[in-house]
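Okay, here's what each chain looks like letter by letter:
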Amino acid sequence: MEIADNQEYIDYNRIEKAILFIEENFQNQPSVKEIADHVALSEFHFNRLFSKWAGTSPQRFMRFLTKEFAKEKLAESSNLLEATFESGLSSSSRLHDLFVSYEAMTPAEFKAKGQGLTVHYGIHETPFGECLIAITDRGITDFRFLEESSKDLTIKELQQDFEKAKLIFDNNFTKPFIEQIFHETTNTSEPLTLLLRGTNFQIKVWEALLKIPFGQMVSYETIANAIGKPTAQRAVGTAIGSNRLGYIIPCHRVLQKVGGIGGYRWGTTRKKAILGWEMAKV
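This one's a predicted model, so the numbers in the text were calculated from it and none came from an experiment.

A. The overall build of the protein, seen in detail. For the protein, the helix and strand inventory stands at 13 helices and eight strands. Every one of the 282 residues in the protein was classed for burial, and the buried ones make up 49%. Summed over all atoms, the accessible surface of the protein reaches about 13,600 Å², with 49% contributed by carbon and sulfur.

Below you can see the structure in the form of structure tokens.
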């Protein structure tokens, strides 16, 4: 692991620990010093870490994590998907709108367990912890955040999904994709290509998620309405939870209508970290 990558991993772990502390003590409105003490940093160094990682102050970041802020953003975005469906995925900044093209596997291809495919996969550090990414010649097919306790299981699941494919572990092959997803310095003139694996209903939900702009939030109800299934909010939630392309398909931008954070396949603390980071970038 490169030194820079390792530092990113350390920084995120400290941020995650800080967010957990805020969650557990939010009613007491902990001071920056109290949070800094909890993550074993001086107040000065904690402020510097936050500014480096999130591009904003700890106080403003905490504001991003409150229910009232989430409710405000949901109110602002009530007609958001209607507008973005009309305009497509265009954006003045492709960093802020992960510009993608995508296609879906057919049911027959899905059942074939990757027969005839070559899948390159790698494990990398990101601003939100370690991830596994898997790529075929038709596009990115997996992006999952990892916990140390679940890493082996996640790799095993990938192997089971593509048990008839040729799987190659190659971080050098997959690293440029991570750079394009997370880092501004990378040339992003070419859109990311995704290969979606799911039912027709799931794919419709994921397509709707791809329309949510960077730094915005919508409710499960909004997604259900957007795909023409207003009474299917529970099924929409299940489809969102089945997303194999974390962060790229931004299921983290969907919240409960009342402003609650809602669930997240890779942990609600990580979801809050991603949302706060995006708010700060915007």
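Still more to cover.
B. Spatial organisation of the packing of helix α10 (residues 200-209) against helix α12 (residues 233-241). Viewed as axis vectors pointing N to C, α10 and α12 meet at an angle of 80 degrees, and their least axial separation amounts to 9 Å. Compared by their axis directions, α10 and α12 come out roughly perpendicular. Residues F201, Q202, V205, W206 and L209 of α10 form the contact with α12, whose own contacting residues are A235, V236, A239 and I240. Here the residues of the contact of α10 with α12 sort into eight nonpolar, one polar and no charged.

C. Representation of the pattern of salt bridges within the structure. Per the counting criterion, the structure on display carries 15 salt bridges. In this structure, E130 engages K151 in a salt bridge whose closest nitrogen and oxygen atoms are separated by 3.0 Å. Here E130, found in strand β3 (residues 129-136), pairs with K151, found in helix α8 (residues 151-161); they are 21 residues apart in sequence, far enough to count as distant. The burial state of E130 is the same as that of K151; both residues are buried. Close ionic contact of K257 with E221 constitutes a salt bridge, the shortest N to O distance being 3.0 Å. A residue pair is termed long-range when its members are at least 10 positions apart, and K257 in the loop between β8 (254-255) and α13 (268-281) and E221 in helix α11 (residues 220-226) qualify at 36 residues. For K257, a relative accessible area of 59% corresponds to the exposed category. The partly exposed category is assigned to E221, whose relative accessible area is 26%. It is possible to trace a salt-bridge network through shared partners that takes in D142, R144, E157, D161, R197 and R244.

D. Here's a closer look at α8. When α8 is considered as a whole, its buried residues turn out to be K151, T154, I155 and L158. Seen from one end, α8 has its buried residues packed into an arc of 100 degrees, which puts them on one side. Facing away from the buried side of α8 by more than 90 degrees, the exposed set consists of D152 and L153. Buried-residue contacts for α8 involve β2 (118-126), β3, β4 (139-145) and β5 (166-169).

E. Geometry of unusual backbone geometry. Notably, A40 is not glycine yet its phi reads approximately 60 degrees, a positive angle. Relative to the helices and strands, A40 resides in the loop between α2 (32-38) and α3 (43-54). Its relative accessible area of 64% is what places A40 among the exposed residues. One non-glycine residue, Y247, lies in the positive phi region at around 70 degrees. Residue placement: Y247 occurs in the loop between α12 and β8. Residue classification places Y247 among the buried positions, given a relative accessible area of 2%.

F. Representation of the pairing of β3. Burial within β3 is extensive, with eight of its eight residues counted as buried. Of the pairings in the sheet, the one linking β2 to β3 comprises seven bridges and is antiparallel in character. Among the inter-strand pairings, E125 is bridged to a residue of β3, identified as E130. What sits between β2 and β3 in their antiparallel hairpin is a turn of two residues. With six bridges connecting them, β3 and β4 associate as antiparallel partners.

G. Structural detail: the nonpolar core. Core analysis: the biggest nonpolar cluster contains 69 residues, and F128, F143 and Y247 have the highest contact counts within it. In this structure, L117, A134, F162 and L195 belong to the second largest nonpolar core, which totals 13 residues.

Criteria and thresholds
- Residues numbered from 1 in each chain as written.
- Predicted model: local features only at pLDDT ≥ 70, side-chain atom pairs only at ≥ 80, totals over all residues.
- Heavy atoms only, no water.
- Helix = DSSP H or I, 4+ residues; strand = E, 2+ residues; numbered from the N terminus.
- Buried < 20%, exposed > 50% of the residue type's maximum accessible area, 1.4 Å probe, protein only.
- Areas by Shrake-Rupley, 256 points an atom, 1.4 Å probe, with all protein chains shown as cover.
- Axes fitted to C-alpha atoms, helices over the stretch in contact; angles between N-to-C directions.
- Parallel < 35°, antiparallel > 145°, perpendicular 65-115°, else oblique.
- Contact = heavy atoms within 4.5 Å.
- Nonpolar A, V, L, I, M, F, W, Y, C, P; charged D, E, K, R; others polar.
- Salt bridge = Lys/Arg side-chain N within 4 Å of Asp/Glu carboxyl O.
- Arc of directions from axis to C-beta.
- Pairing = 2+ DSSP bridges.
- Core = buried A, V, L, I, M, F, W, Y, C linked by side-chain atoms within 4.5 Å.

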